[in-house]
Amino acid sequence: MAAQRAGWPTWFRAVWVHAYTYSKVWKGSVTTTFLFPLLYLAAMGVGLGTLVDRHAHHVGGVAYVDFLAPGLLAGTIFQVAVNESTYPVMARIKWMRTYWAMLATPLDIDDVLIGHLGWSALRGGMVSGAFLLVMEGFGVIHSWWALAVLPLAMAASVAFAAPTTAYAATTTSENGFALLYRFGVMPLFLFSATFFPLGQLPVWLRAVAQCTPLLHAVNLLRDCTLGIFPATQALVDVVYLAVFAAVGIAFARRAFRKRMVL
Amino acid sequence: MIVAEGLRKAFGSFAAVDGVDFRIGKGESFGFLGPNGAGKTSTMRMIACMSPYSGGSLRVLGMDPMTQGPAIRGRLGLVPQEDTLDEELTVLDNLYIYGRYFDLPKKLIRERAERLLEFAQLTDRRNDKVGPLSGGMKRRLTIARSLISEPDILILDEPTTGLDPQARHLLWDRLYRLKSQGVTLVITTHYMDEAEQLCDRLVVMDKGRIVAHGSPRALIAEHSTREVVELRFAVDQQQANVASVEDLAERVEVLPDRILLYVHDGDATIGEVHRRGLLPESALVRRSTLEDVFLHLTGRTLVD
């Protein structure tokens, strides 16, 4: 690594380029970033929630909107992380081939991956920041622990982005993405204790849900905004997500090397 | 600047590059000529430190690509075969982010970008998105981008493939200017006219090996005659007419659509063909090109 100017490390340049590119196109996404939580919390949290609370006398011990908001937050982080690691990653490898451009410069393959995952983390932080502001507006944040949502959301974003990136860098056709969304992303979004407590599921499905990543992110973020920490559960959630991220990164690293270092 | 000895690149049991030696000096314009699949791109990717070599040795700027890749790449410019531009960004932004990969200060990039836009004749498109630009413009932008770091060596992998003749000539002119500025050029191509135009020296590759090397003129002198007569007979009649003309030439090549006679005096040969009462549908005389060299060395044409 000789002959490098004493400026930014190579991996940082790779993260920077995502931020720079985003700064050129952010206007399109900023409305949805705020509008999505606003509409969902109004319609489902307040509208549907009033009905739920009247009949169920609170969900998981809190008002439905309090229960729902962190679930939606985690679900949104999840979808953003996956979205930005499917078609965009394939585009940078196969269509626009901009990763190859990076590899012809002092950056190397690990820098390219760090660039993508680092940016995924930052995106997760931005999206959850906007979401928290909207939640505060609805008065559904009940603890200062909510600030911990930001780093947790960033880490969870990496955990979701890494295996998706590994898949996008392995497959040669985008057809698989449609299946991933239909049979992976959608079911997880709906059944990971996002909209209703896990206890509503039949026992065998509960066990399946425990094995999937989104559930654990939902648990953690809900603990934070409600300010309730079931210690063992939170530990399990953290360990699960950490292991999931580590394995995902290992696969993504392998996939990037196999695809782009020929 | 670049020294390869017994350089090899294997993919599984397939040897894409099978032991090649070459030496490229400072300020030289060096070409790799060969058909698709000859191993040119693999060789380029090894020189550009994007692909680890499987055997032999390679030194670029005195360093080993295996261990000092980032340092070497910091002093190289690469124009890849397929465009790798960010189509969602503007022309100027593509130059800017590329400069940042080399950690150049913002001000320096802006200065160089102005000059390079001029050089690539893209100044009036500077704020346009790259996506809708023509193929020729994208190629020119790719070359401009590769120069943002003022590299010691510029590697061009089939720089003009897929461009119309006008765009090719414009590109050649730009490359010629770089060469006169002392930039070392390494070029792969399967167009012999491109190699003749741009290269001081070249190697002809086939099936992962170097089959000939020298200057374009020396290669032609060594492996071909001064002139070539092309006789085109009626469809499927080429083979039938070979016997009547083969004594006229030093060497004869029969292609599906014509017979090539390698001779010193083309007009005299055509006169003799007519005296013998043969009536080809067309007959023309031309100078020997690298295509003839390649045909002679490998028995195949370059572009199929």
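Everything quoted here is computed from the prediction, not taken from an experiment.

Asker: I keep staring at unusual backbone geometry and nothing clicks. Help me out?
Answerer: Phi is mostly negative for residues that are not glycine, and the peptide bonds are mostly trans. Phi is positive for Ala193 of chain A, which is not a glycine, with a value near 60 degrees. Mapping Ala193 of chain A onto the fold places it in the loop between α7 (175–191) and α8 (203–210).

Asker: Would you mind showing me how to read the pairing of strand β8 (residues 201–206) of chain B here?
Answerer: In regular strands, side chains alternate between the two faces of the sheet. Residues and elements named next belong to chain B. Counting buried positions along β8 yields five of six residues, so the element is predominantly enclosed. In terms of strand pairing, strand β3 (residues 29–33) meets β8 through four bridges, oriented parallel. Note on β8: the bridge partner recorded for Phe30 is Arg201. Of the strand pairs in this sheet, β8 and strand β9 (residues 209–214) are connected by five bridges, and their pairing is antiparallel. Across the sheet, the residue bridging to Leu202 is Gly214, located in β9. Where β8 folds back onto β9 in an antiparallel hairpin, the turn is made up of two residues, including Lys207, whose phi is positive at roughly 50 degrees.

Asker: Explain the sheet that holds strand β10 (residues 227–232) of chain B here, please?
Answerer: Two strands in a sheet stick together by hydrogen bonds in their backbones, pointing the same way (parallel) or opposite ways (antiparallel). Residue and element names in this part refer to chain B. Pairing is antiparallel across the open sheet formed by four strands, whose spatial order is β11-β12-β10-β13. Across the chains shown, the open sheet's two edge strands, defined by having one partner strand only, are β11 (251–254) and β13 (282–287). Within this sheet the neighbouring strands show an average axis-to-axis angle of 20 degrees, counted without direction. Alignment of β10 against strand β12 (residues 259–263), held across five bridges, turns out to be antiparallel. Following the sheet pairing, Val228 is matched in β12 by Tyr262. Across the sheet, helix α10 (residues 266–275) lies against β10, β12 and β13, angled at about 30 degrees from β10, the strand it touches most.

Asker: Hey, could you run me through the sheet that holds β8 of chain B in this one?
Answerer: All names here are of chain B. Taken together, the six strands give an open sheet; going across it, the order is β5-β6-β7-β3-β8-β9, and neighbouring strands pair in mixed fashion. If you trace the sheet from one side to the other, it starts and ends with β5 (76–79) and β9, each paired once. Within this sheet the neighbouring strands show an average axis-to-axis angle of 15 degrees, counted without direction. With four bridges connecting them, β5 and strand β6 (residues 153–157) associate as parallel partners. What sits directly across from Gly77, in β6, is Leu154.

Asker: Teacher, can you tell me more about the environment of Val140 of chain A here?
Answerer: The topology assignment puts Val140 of chain A in the loop between α5 (109–138) and α6 (149–170). For the pair Val140 of chain A and Lys94 of chain A, spaced 46 residues apart in the sequence, the C-alpha separation amounts to 43 Å.

Asker: I would appreciate a short explanation of helix α4 (residues 106–119) of chain B in the present structure.
Answerer: Residue pairs spaced three or four apart in an α-helix point in one direction, given the helix's 3.6 residues per turn. Residues and elements named next belong to chain B. With 14 residues, α4 should cover 20 Å at 1.5 Å per step; its first-to-last C-alpha distance of 20 Å lies within 8% of that length. Residues of α4 that are buried include every one of Ile109, Arg112, Ala113, Leu116, Leu117 and Phe119, and no others. For α4, the secondary structure elements touched by its buried residues are α3 (91–101), α5 (135–146) and α6 (165–180). Directly after α4, the chain includes Gln121, whose backbone phi takes a positive value near 55 degrees.

Asker: Even after reading the chapter, I still don't get the packing of aromatic side chains, so can you show me in this structure?
Answerer: Here the distance between the centres and the angle between the planes together describe a pair of aromatic rings. Considering all chains together, one arrives at 22 aromatic pairs over all chains under this definition. On the numbers, 5.1 Å between centres and 75 degrees between planes, the contact of Trp8 of chain A with Phe12 of chain A is edge-to-face. Pairwise contacts between aromatic rings join Trp8, Trp11, Phe12, Trp16 and Tyr20 of chain A together with Tyr96 of chain B into one cluster. In this arrangement the basic side chain of Arg145 of chain B is found over the ring face of Tyr98 of chain B, its NZ or CZ atom lying 4.4 Å from the centre. Across the ring face of Tyr262 of chain B, the terminal group of Arg251 of chain B is positioned such that the distance to the ring centre comes to 4.0 Å.

Criteria and thresholds
Per chain, the residues get numbers from 1 upward, laid out in the order the sequence is written. Working convention: letters from A go to chains and numbers from 1 go to ligands, in the order in which they are written. Thresholds applied to this predicted model are a pLDDT of at least 70 for local features of residues and 80 or more for the giving and counting of side-chain atom pairs; totals over whole chains, interfaces and linings are not thresholded and use all residues. Note that the side-chain values use all heavy atoms of the structure and ignore hydrogens as well as water. Only runs of H or I of at least four residues qualify as helices and only runs of E of at least two qualify as strands under DSSP, and these elements are numbered from the N terminus. Partly exposed residues are those whose accessible area sits between 20% and 50% of the maximum for their type, while under 20% is buried and over 50% is exposed, using a 1.4 Å probe and protein chains only. When DSSP locates at least two bridges between a pair of strands, those strands are taken to pair. Helix axes are fitted only over the stretch in contact, all axes being lines through C-alpha atoms; the angle between N-to-C directions runs from 0 to 180 degrees. Contacts are assigned to residue pairs that have any heavy atoms within 4.5 Å of one another. Expected helix span is computed as 1.5 Å times (number of residues minus one). A pair of Phe, Tyr and Trp rings is counted when the ring centres sit within 6.5 Å of each other, with Trp represented by its six-membered ring. The angle between the planes then sorts it: under 30 degrees is stacked, over 60 is edge-to-face, the rest tilted. We call a charge positioned over a ring when the NZ of a Lys or the CZ of an Arg lies within 6 Å of the ring centre and within 35 degrees of the ring normal.

Worth remembering: the numbers are spatial, not functional.
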